[in-house]
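# Working through the structure, step by step
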Amino acid sequence: MKLLKYLFVSSVLLVATSCGNNWLDLDPSTSVDTETSIKILSDVEFTLNGIYSTMQSSDAYSGRLVYYGDVTGDDMQAVSSTKRVANYYRFNFTKDNGPTSHWSYLYSIIQNCNLILMNIDKLKIDEEDAAYRDDLKGEALALRGLALFDLTRIFGYPYTKNNGASLGVPIIEGLSTIDSKPARNTVAQCYEKIIDDLTKSTKLLSGKFNKGKINKWGAMVLLSRVYLYKNDNTNAFNTAKEAIEGAEKQGYALWTNEEYPTAWGNDASASNPGEVLFEIVNLTTDSPGKESMGYLNSKDGYDDMCITCSFYQFLKEDPNDVRLKLLSFDKKYYAYVFKYQPQQNENIEDANIPLIRLSEAYLIAAEAAVKLNDNDAAVEFLDPIVRRANPDKTVQGEKITLERVLNERRKELVAEGHRMYDAVRNGLTIERVNVTDKNLSKTKHDTKYMKDINWAVLGTGVIANEMAVALKKNGKNIYAVGNRTYEKAVAFGEKYGIGKVYADYNEMFTDPEVDVIYITTPHNTHK
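Residues numbered from 1 in each chain as written. Predicted model: local features only at pLDDT ≥ 70, side-chain atom pairs only at ≥ 80, totals over all residues. Heavy atoms only, no water.

## Comments concerning the overall build of the chain
Scanning the chain from N- to C-terminus turns up 17 helices and 11 strands. Relative to the 2.2 N^0.38 estimate, which gives 24 Å for 527 residues, the radius of gyration of the chain is 25 Å and therefore close to what a compact globule would have. Principal axes of the C-alpha set define a box for the chain whose edges measure 80 × 60 × 50 Å. Within the chain, contacts between residues separated by at least 24 positions form 73% of all contacts whose residues are at least 6 apart in sequence. (Helix = DSSP H or I, 4+ residues; strand = E, 2+ residues; numbered from the N terminus. Rg over C-alpha atoms; globule rule 2.2 N^0.38 Å. Contact = heavy atoms within 4.5 Å.)

What follows is the structure, given as structure tokens:
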């Protein structure tokens, strides 16, 4: 037997959690009386801090909401089938068994933004506090727009599929309860709301550096991203260009070739903001824990996700590409992307999470320019990214194609949550190509580590039925069943679509195709 584990049943059976109507139910700390919770501007800032804290969770922007877009693509993969990202990588989740966190965390963010936006204009403030109020309101609008955008691209078809005619997610502008059952809006309606929120936010937000919080330039790059997904390339280009110009006047700048390998762990400040326009700030004293991107992407952590062999070979086509220096190798088995670098005296699980970078703005402008047939502009904005990767390279004098820009996005934005979305919004297919590389000898798409685990169930009683239901619900493969009474095993197999039924249940223990045996018989029958 290739992998044999005996699982004995006790009085408790682990079953999968189910989706219900609790996706809008908030924790008591955020279930507040709207008439009394926000009285002064400091209450608004307190509520915003709670929103950023929600975003910091590894179930939100310090983990799942970021790696989802990578491990569902072709440039990153789960290291093995037991890793946290494996169900995403292998597309095991369905509408019935997918994590509710994608939905619940994002709607929690939206609800708390709604709480602010319902009350902030009612506050009596002094004239000198008007800019402070506007900045806080702008943050709430931008974060609500971000949350609705991510909900829409996770649960809806790409806008470009049918100009947004398909169903997206519910647009919630008030405060809902556990009993609320809002109808889904169309993708087009969701995009209209997202753009409205982000546009308003850019007119209110300050452009000053605001550590760990979204400012004008971060919101503007996010808006240009939304326009790009919508295929509104004129607005995508103009907004990205304005964001680049404004951010650089404020002191932001692309990291240099020399800075690039280690800049990810820099402690950004107003005097040296670097190129990250919005990031989740994590600390050892306020950490998302070991489910965070830093720990999942490290050979010294949970080593959950690595780059694929095909991406490694793609990246090293230019052996002088500085982005190769971000790869951290586990012997000659796997390579991890070391973008989630801890700041000084912090642990790797406490690394900050860059969500919006100036580099993305350049790539958005370049892609939009290609789609607008403006090659000069495409060269203008793509060339700084290419030259930063390798100062001896340039795209000056080239005809820039969409493939050229998307390839640069793959290299530049890997492990930041973009690849799968970039493919589907452009009507492309994710193709996982099996190649080998001596430096990544254990990294393969089709290995025994990535195959479906073949479960065998011994017994056909109540516990066996409960286990079969749980396994099926979670997309697991029940390969075989055995029982002392052959006829009962046959009936059980027919009930759950199990192909292998043993005439003698002892054959189960020598079957080389069985990975796990779940023993459901009474303890006194175990040998």
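## Some words on empty space enclosed by the protein
In this approach a probe as big as a water molecule rolls over the atoms, and the regions it shows empty are the leftover space. All chains considered together, the criterion is met by 6 cavities of 30 Å³ or more. Of the volumes computed, that of the largest cavity is approximately 150 Å³. Those elements that provide at least two residues to the lining of the largest cavity are α2 (64-71), α5 (130-155) and β7 (353-357). Of the residues contributing to the lining of the largest cavity, the split by class is 8 nonpolar, 2 polar and 4 charged. Roughly 80 Å³ of internal volume is contained in the second largest cavity. Together, 13 residues line the second largest cavity, and F209, K211, G212, V276 and L277 are the ones closest to its centre. (1 Å grid on protein atoms, 1.4 Å probe; cavity = no way out; pocket = protein on both sides within 12 Å on 5 of 7 lines; lining within 4 Å. Points joined across faces, edges and corners; volume = space filled by probe spheres on them. Nonpolar A, V, L, I, M, F, W, Y, C, P; charged D, E, K, R; others polar.)

## A few points about the environment of A165
The topology assignment puts A165 in the loop between α6 (159-162) and α7 (187-204). Taking relative accessible area as the criterion, A165 reaches 53% and is therefore assigned exposed. Remark: the alpha-carbon pair of A165 and T186, spanning 21 residues in sequence, is separated by 5.9 Å. (Buried < 20%, exposed > 50% of the residue type's maximum accessible area, 1.4 Å probe, protein only.)

## Observations regarding the nonpolar core
Note that soluble globular proteins tend to have their nonpolar side chains buried in a common cluster. Residues L48, M55, Y61, L143, F278 and L355 are the most contacted members of the largest nonpolar core, which totals 118 residues. Ranked by residues supplied to this core, first place goes to α5 with 11 residues. Counting residues in each nonpolar core, the second largest holds 14 residues, with A468, L471, V481 and I498 among its members. (Core = buried A, V, L, I, M, F, W, Y, C linked by side-chain atoms within 4.5 Å.)

## Considering the side chain of K193
The residue K193 is located in helix α7 in this model. Setting aside anything within four residues of it in sequence, one finds K193 in contact with R144, L148, I171 and E173.

## Some details on the packing of aromatic side chains
Following the criterion strictly, the structure yields 20 aromatic pairs and no others. Relative to W264, the ring of Y260 has its centre 5.6 Å away and its plane inclined at 85°; by these criteria the two rings are edge-to-face. For W264, a relative accessible area of 8% puts it in the buried group. Taken together through their ring pairs, the aromatic side chains of Y67, Y68, Y88, F93 and Y421 make up a single cluster. (Phe/Tyr/Trp six-rings, centres within 6.5 Å; stacked < 30°, edge-to-face > 60°.)

## Focus: the state of the cysteines
A complete count under the given rule lists 0 disulfides for this structure. Here C190 is not cross-linked by a disulfide; its sulfur's nearest cysteine counterpart is in C113, at 16 Å. Left unpaired, C309 is separated from the closest cysteine sulfur, that of C306, by 8.1 Å. (Disulfide = S-S within 2.5 Å.)

## Quick word on unusual backbone geometry
In this model, K331 sits at a positive phi of 50°, which is unusual for a non-glycine residue. Position of K331 relative to the elements: it lies in the loop between β5 (327-330) and β6 (334-337). Of note, the phi angle at N345 is positive, near 70°, even though the residue is not glycine.

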